[in-house]
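This is what each chain is made of:
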Amino acid sequence: MTLDIDWDNLGFEYHKLPYRYISYFKDGKWDQGQLTEDATLHLSEAAPALHYGQQAFEGLKAYRTKDGSIQLFRPDCNAARLQATADRLLMPQISTEQFIEAVKQVVKANQDYVPPYGTGASLYLRPLLIGIGDVIGVRPADEYIFTIFAMPVGAYFKGGLMPTNFIVSEDYDRAAPFGTGAAKVGGNYAGSLLPGKAAKASGFSDVIYLDPATHTKIEEVGAANFFGITANNEFITPLSPSILPSITKYSLLELAEKRLGMTVIEGDVPINDLGQFVEAGACGTAAVISPIGGIQYRNHLHVFYSETEVGPVTRRLYDELVGIQVGDIEAPEGWIVKVD
């Protein structure tokens, strides 16, 4: 029996679907993995994931196309990023083949919950890799769980593709220099809860994080990557070892250059040079593209294109990206994986 879901008014919330995938690493190897209806993870109270944060996760989406088929967007990139995070935390890698096959299994088993084409909603998948077992010393686990669950979701930010304002955080950093900022680990997000709560209480969508070393350059926008559009047709985004390498951002960099004919730049984005941008936005798997109306820095709100209207370049990038994801626009080679 399917859940009673209002496809047109989905938020970004958990829904317990019938099936998820789980695989165990023991004695130096991963088992075959399987689908399960058990939504509860069973692990030791001494699991390193609970005490020492030896855990990683990913986020990707499955999309319903106009002909009713289902497709994934660049899942190999999610597999590669999870592998890089696993290396950083001394966890065993999940092969790209196992990762994509597991994603396909979860999507096919829950295909009734892939939102219909045209609703703007998608099926969000959350892969988890966690250290388990009886380990109380500070060392890597001997055993691990790899699991993937899914849920239908709408827009991450309320209002969808509408500009919102953000505020610069000068009291908190997202990550430490040479820390785990480029890895997709839970600790990075736990540390963002307090500044995010303060930003929302002040009427902003989230915070802008500056580089942890000098506090002079933009790094991330809450849990998303930043980009800016200049009057000279440039697409500029920060480059730093503390930034999570967003698959959406790198997709936009390629689309901006090859489809829109823009000059693309990864480099420093000084917080004191916001005037170079005529449009700005945040991007990520969950957020897709969220236009930034303005950035509050100290006592000044710098407004980009508009606080109420989406800029034309941001709109074109959004339409191009989403069009590819839902199958309306031809994708660059290798970007789309069909779920049979």
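Residues numbered from 1 in each chain as written. Predicted model: local features only at pLDDT ≥ 70, side-chain atom pairs only at ≥ 80, totals over all residues. Heavy atoms only, no water.

**Structural notes on the UniProt feature "modified residue: N6-(pyridoxal phosphate)lysine" (unreviewed entry) in the protein**
When the UniProt feature table is mapped onto this chain numbering, "modified residue: N6-(pyridoxal phosphate)lysine" (unreviewed entry) sits at K184. Among the residues examined, K184 registers a relative accessible area of 9% and is labelled buried. For K184, the contacting residues outside a window of four places in its chain are A56, F57, E58, G59, R81, T85, Y189 and L244. (UniProt positions renumbered as here; feature names shortened; annotations may be inferred. Buried < 20%, exposed > 50% of the residue type's maximum accessible area, 1.4 Å probe, protein only. Contact = heavy atoms within 4.5 Å.)

**Concerning the pairing of strand β10 (residues 207–210)**
Alternating residues of β10 divide into V207 and Y209 and I208 and L210, and every residue in both groups is buried. In the sheet, β10 pairs with strand β11 (residues 218–221) via three bridges, with the strands oriented antiparallel. Its bridge partner lying in β11, Y209 is registered against E220. (Helix = DSSP H or I, 4+ residues; strand = E, 2+ residues; numbered from the N terminus. Pairing = 2+ DSSP bridges.)

**Quick notes on the domain arrangement of the protein**
Along its sequence, the protein is organised into domain 1 (20–153) and domain 2 (164–325). Between the C-alpha centres of domain 1 and domain 2 there is a distance of 26 Å. Listed per partner, the contact involves 18 residues of domain 1 and 21 residues of domain 2. Approximately 1,600 Å² of surface area, both sides summed, lies buried where domain 1 meets domain 2, with 59% of it carried by carbon and sulfur atoms. By the criterion of area lost to domain 2, the three top residues of domain 1 are F57, F73 and R81, representing 38% of everything that side buries. The tally of links from domain 1 across to domain 2 stands at zero salt bridges. Where domain 1 meets domain 2, there are ten residue pairs in polar contact (both at pLDDT 80 or more). The set of elements that each furnish at least two residues to the side of domain 1 that touches domain 2 consists of β4 (55–57), β5 (60–64), β6 (70–73) and α2 (75–88). Considering each element in turn, the side of domain 1 that touches domain 2 owes the most residues, five residues, to α2. Of the residues assigned to the side of domain 1 that touches domain 2, the class counts are eight nonpolar, five polar and five charged. (Domains from an automatic or database assignment. Buried area = accessible area lost by both parts, 1.4 Å probe. Salt bridge = Lys/Arg side-chain N within 4 Å of Asp/Glu carboxyl O. Polar contact = N/O pair within 3.5 Å; in protein donor to acceptor, adjacent residues only side chain to side chain. Nonpolar A, V, L, I, M, F, W, Y, C, P; charged D, E, K, R; others polar.)

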